[in-house]
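Take a look at the letters that make up each chain.
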Amino acid sequence: MPAPTAQVSKSYSEDNTSGIAFGAMQDFGGGPRPYKSRPNAEIARDFLDLEFRMESGRANPNLSRFEGPISVKLQGAVPATAPAEMGRVLNRLRNEAGLEVSFAAPGASASVTIEFLPRTEMRRVVPMAACFTVPRVQSWAEYQAERRGPKLDWTTVTRRDHVSIFIPSDAAPQELRDCLNEETAQSMGPLNDLYRLPDSIFNDDNFNSVLTNFDMLILRLHYAPELRSGMNEAEVAKYLPALLDRYNPAGAYAGKHIGDIAPRVWIAQVEAAFGPRGTANQRLSAADQMVSIAMAQGWRDNRLAFSLYAKGRSLATSQPATAVQVLRQAAQIYRSLPNAQVHLAHVDMQLAAIALTSGQNATAIAFADRAIPVVQAAENASLLATLMLIKAEALENTGEVAQARALRLDSLGWARYGFGSDQQVRARMAEIASLGARGARG
């Protein structure tokens, strides 16, 4: 039998797989993020699609949630940074989403069990998931025993009692934190991801890596006292206008067109363009298909911008001039969307790398300078370190050797958090240095 897929999982992001481990590790403090509210009519549709659809496209017939206090337990090969990272997530869930959640008492059973195990062991079972969540089990051993049967089917869950999250014990600190944010939210709240959302962690484009204000609003709605486990979509929908007026008064104004759910054929091309397998030509072909499908669907939202980003990223090495044009189209759409600043920063990183390669050092520095504050606010250490290294190469190419050296040293703490291993960072530093060398020769 083929290996099962994870119904609720976080996908791999190829941009997040290399790094460094030198010097003192930098870290982020966490806390609320700036947020521009969207119309409540849009949010109501988003909430229903997150709650009553699965990532696979299947319908989820009822709302399911924990009833009463929620407890969390860490077990297995728990990484050193995990308890503090999980503590931050729980603090935010209490303070921003109003959830009654805490660590379980030592030796006690928990509502949510988070087990850490080697990545190689996880990949043998679910090769495409960086981490994932399953219902009705409390350990990896129990999951292994039940994974071929119906017990783990989320669509049959009407009330949550026990949920397990599985995370690689050898993940870099940032990947660990990202998994704790996304999988904890999905273990307690909605199960779906929607590519149309620019302002949510419930989106497999991986641009938002920690819980956003939108996500906290969705979780607050999920546990609203008017709702209960087992409600169907129509029953939930009738309460949403009043709940949103109460929890999000800034969104009580007329909304624009509400996007539909992306078809599975487009999602398959996303997985091909960004997954850990495939050649450069296959990735480019998949990105082309993403753009074609997005245009055919008439999208003008986050999904078209993401399709253009995928294509521009795939063209960056082979056709840099065309890549710049496509990435600028993506940036234009992102600028029209609320809360898409981090998406623009990813575009700026690609443009900065292309500028560095082509010897346009001042342009590379300008793109990096624009993106760095946004990325720091978004708490993406791997992207922050990459931007700093690009800027350092550009500075060195313009003769600012001392400034370049200082910036490289500053980047190392962030790289350690974002990437995790000496081998990976040296590869990333060598990659960016080669871009700077090509620009200097050009």
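What this report covers is the structure whose coordinates are included nearby. Note that the coordinates shown come from a computational prediction; the quantities given were computed from them, not determined experimentally. (Residues numbered from 1 in each chain as written. Predicted model: local features only at pLDDT ≥ 70, side-chain atom pairs only at ≥ 80, totals over all residues. Heavy atoms only, no water.)

1. Observations concerning helix α15 (residues 381-397)
Here is step 1 of the chain: Under the 1.5 Å per step criterion, the end-to-end length of α15 is 24 Å for 17 residues, consistent within 8% with the ideal 24 Å.
Here is step 2 of the chain: Along α15, 15 of the 17 residues are buried, which leaves the element largely enclosed by surrounding structure. (Helix = DSSP H or I, 4+ residues; strand = E, 2+ residues; numbered from the N terminus. Expected span 1.5 Å × (residues − 1). Buried < 20%, exposed > 50% of the residue type's maximum accessible area, 1.4 Å probe, protein only.)

2. Describing the packing of helix α13 (residues 341-357) against helix α17 (residues 422-441)
Here is step 1 of the chain: One can describe the packing of α13 onto α17 by two numbers: an axis separation of 6 Å at closest approach and a directional angle of 45 degrees. Between α13 and α17, the angle is such that the two are oblique. Contacts from A353, L356 and T357 of α13 reach α17 at I432, L435, G436, R438 and G439.
Here is step 2 of the chain: Across the contact of α13 with α17, the residue classes break down as 4 nonpolar, 3 polar and 1 charged. (Axes fitted to C-alpha atoms, helices over the stretch in contact; angles between N-to-C directions. Parallel < 35°, antiparallel > 145°, perpendicular 65-115°, else oblique. Contact = heavy atoms within 4.5 Å. Nonpolar A, V, L, I, M, F, W, Y, C, P; charged D, E, K, R; others polar.)

3. Overview of the pairing of strand β5 (residues 129-135)
Here is step 1 of the chain: The buried fraction of β5 amounts to 7 of the 7 residues, a majority that puts the element mostly inside the structure.
Here is step 2 of the chain: Pairing between β5 and strand β6 (residues 163-168): 4 bridges, direction antiparallel. In the strand pairing of β6, T133 is matched with I165. (Pairing = 2+ DSSP bridges.)

4. Some details on the packing of aromatic side chains
Here is step 1 of the chain: Inspection of every chain in the model, using the stated rule, returns 15 aromatic pairs.
Here is step 2 of the chain: Centroid distance W140 to Y143: 5.2 Å. Interplanar angle 40 degrees. Geometry classified as tilted. Residue W140 and its partner Y143 are both found in helix α4 (residues 140-146); the two are separated by 3 residues, about one turn of the helix.
Here is step 3 of the chain: With a centroid separation of 5.0 Å and 85 degrees between ring planes, the pair formed by Y195 and W266 is classed as edge-to-face. (Phe/Tyr/Trp six-rings, centres within 6.5 Å; stacked < 30°, edge-to-face > 60°.)

5. Thoughts on the side chain of T133
Here is step 1 of the chain: Residue position: T133 is located in strand β5.
Here is step 2 of the chain: Judged by its relative accessible area of 1%, T133 falls in the buried class.
Here is step 3 of the chain: A polar side-chain atom of T133 sits 2.5 Å from a polar atom in the side chain of E183. (Polar contact = N/O pair within 3.5 Å; in protein donor to acceptor, adjacent residues only side chain to side chain.)

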